[in-house]
Amino acid sequence: MLSIKLQLLLISSFFFSYSLSRESPQNYEQWVVRRHVLEASADLVENTSLILAAERTHRKDPLDGLNYYTGGWNISEKHYFSSVGFTGAPLFILSGIWFVGFVLCLLIIALCHCCCQNQHYAYSPTALAISFTFLVLFSTAAIIGCVVLYIGQGKFHSATTNTLDDVVKQAEKTVDSLNNVSDSLSAAKNVGVAQIVLPSNIKQKIDGVEQKINASSKILEQGTEKNSDGIRQVLDSIRLTLIIIAAVMMLLALLGSFFSVRGMERLLYVMAATGWILVTITFILAGIFLLLHNAVADTCVAMEEWVENPTAHSALDDILPCVDNQTAQETLYETKDVTFQMVDVVNQFITNIANLNIPPQAGPPLYYAQSGPLLPILCNPFHPNITSRQCARGEVDLNNAGQEWRKFVCQVSTNGTCTTVGRLTPSYYDQLMAIVNLGRVLNNYGPFLAELADCTFVRRTFSDVIRVHCPGLRRDSQWIVIGLSIVSAAIMFSLIFWILYAREKRHRSYTKLMAACTSF
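**Observations regarding the overall build of the chain**
Scanning the chain from N- to C-terminus turns up 13 helices and four strands. A separation of at least 24 residues holds for 77% of the contacts in the chain among residues at least 6 apart in sequence. With an accessible surface of roughly 25200 Å², the chain has 59% of that area assigned to carbon and sulfur atoms.

Shown next as structure tokens:
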């Protein structure tokens, strides 16, 4: 019902790919098993196929000759990743142009310096003022971009962490509920009163269902812990990387401006070379976060469309599928059947032992001097065909049976027989209540299992993510892209004006020196 990749889906398809990359192709069959928490067999019910986020994912695919991708959101499809990765192509291309262009410019400058022996130091006050103005402008823009990047990464980290925490909590609640169902079924095998126990075939069915629940619950629990730890490491690494980028680029902007204004050209050239590399890296990071932003948006749209049609087969089935109806109904049927059989055990005891005036010669456990008003039987919430049943007049239900039956408990002697009027000994009362409590637990988990069966649980989880987390994830990932783009562009232009301003300042100094020499 829930895949071990539960928490991955609700963050972004980038993190899905992180988890999927850890699975080998040879383990594909294990993926099929993990797709159903309570899967009874490998035969899946075929549903209508649904292409998720088809309009939003209609992008050019470089792996398909730049034809448009039409497969919709699908993290197991390489063409989807190719198409979403292509959205970052402009920034990747820009980083390549900058990297190569800067080198070519340096080579041209070096050749001109070597070939032109007679250098002219023309000085223009206008050029000096303009270069200084743009130097201050782009350096300020770089600092602003660093602030935007720092704030954006903090919000993005908070949004992704909160999303992960919420989904992990949902997975843990599901594991706890499944474990409780399993424990209750296990305890039900041992119920009995006055040698009246569950039929052996029911115990065998309980064993089968219990094994499936325990195995699937363990897979979900271990997978949730493993993948949540892995995602947290990725998130922390991303946060640290962005903080370092923001700090280094801000320091670069400040030092570059300082060296340029002070005319420290050698140090300025070192900063320019460093900035050349950092700008290239930052453009690449901007491209990566742009495709991540698009992947997050694709995932949110895919979840929204799935919520509207949860029973259709789609790519989301590989991450957080609904159980096929046959599997879910089997598990739900077994819990109802066990409840029915336990209530039947109780009523057999009440009808055949507690409410009969058995002669003393019958001896225990049939005779214990029971007497007085008849004990009301327990209301069975199900008919023999496990359809719902309304309680009849005079029956007590699973919720008030203990209170009603306590009125029929007698006091007992040392040999366990009643010394006062009553239909139950304290021992029999405790045995009956143990069965009733188990029946109430199993009956209360019916809605939980039904929600897993008809996708209500998954649909509600997705709706919460779409409403609470998706807007923040899309907005904050976009701010990171904006911050990285501002920093990259600002530092790129700052490098140019650092050098131009330092050059104009050197020419001004040379011109003043030549003027002073001429005056003498």
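**Digging into a negative patch on the surface**
A surface patch of like charges, here negative, comprises Glu 172, Asp 176, Glu 221, Glu 225 and Asp 229. The set of elements that each furnish at least two residues to the negative patch consists of α6 (125-188) and α7 (200-262). Among the elements that line the negative patch, the one with the most residues is α7, at three residues. Note that Glu 221 resides in helix α7. With relative accessibility at 45%, the residue Glu 221 sits in the partly exposed group.

**Comments concerning the environment of Ile 435**
As for its position among the elements, Ile 435 is in helix α11 (residues 426-444). Once you skip the residues sitting within four places of it in the chain, Ile 435 turns out to touch Val 191, Gly 192, Val 193, Met 342, Val 345 and Val 346.

**Re the packing of α6 against α7**
Two packed helices can be described by the angle between their axes and the distance between those axes. Taken N-terminus to C-terminus, the directions of α6 and α7 make an angle of 170°; their axes are 9 Å apart at the nearest point. One element, α6, and the other, α7, form an angle in the roughly antiparallel class. A breakdown of the residues in the contact of α6 with α7 according to their chemical character gives 31 nonpolar, 15 polar and six charged.

**Things to note about a nonpolar patch on the surface**
Together, Phe 99, Val 100, Leu 104 and Leu 107 give the surface a local cluster of nonpolar side chains, amounting to about 360 Å² of exposed area. Along the chain, the position of Phe 99 falls in helix α5 (residues 89-115). The exposure class assigned to Phe 99 is partly exposed, which follows from its relative accessible area of 36%.

**So, unusual backbone geometry**
In the segment running from Pro 364 into Pro 365, the intervening peptide bond is cis, with an omega of 5°. Inspection of the secondary structure assignment puts Pro 365 in the loop between α9 (325-354) and α10 (401-405). Even without being a glycine, Ala 53 presents a positive backbone phi close to 50°. As for its placement among the helices and strands, Ala 53 is situated in the loop between α3 (28-34) and β1 (60-61).

So, how was this worked out
Residues numbered from 1 in each chain as written. Predicted model: local features only at pLDDT ≥ 70, side-chain atom pairs only at ≥ 80, totals over all residues. Heavy atoms only, no water. Helix = DSSP H or I, 4+ residues; strand = E, 2+ residues; numbered from the N terminus. Contact = heavy atoms within 4.5 Å. Areas by Shrake-Rupley, 256 points an atom, 1.4 Å probe, with all protein chains shown as cover. Patch = residues over 30% accessible without salt bridge, like charges linked within 9 Å, V, L, I, M, F, W, Y side chains within 5 Å. Salt bridge = Lys/Arg side-chain N within 4 Å of Asp/Glu carboxyl O. Lys, Arg positive; Asp, Glu negative; His and termini not counted. Charge placed at Lys NZ, Arg CZ, Asp CG, Glu CD. Buried < 20%, exposed > 50% of the residue type's maximum accessible area, 1.4 Å probe, protein only. Axes fitted to C-alpha atoms, helices over the stretch in contact; angles between N-to-C directions. Parallel < 35°, antiparallel > 145°, perpendicular 65-115°, else oblique. Nonpolar A, V, L, I, M, F, W, Y, C, P; charged D, E, K, R; others polar.

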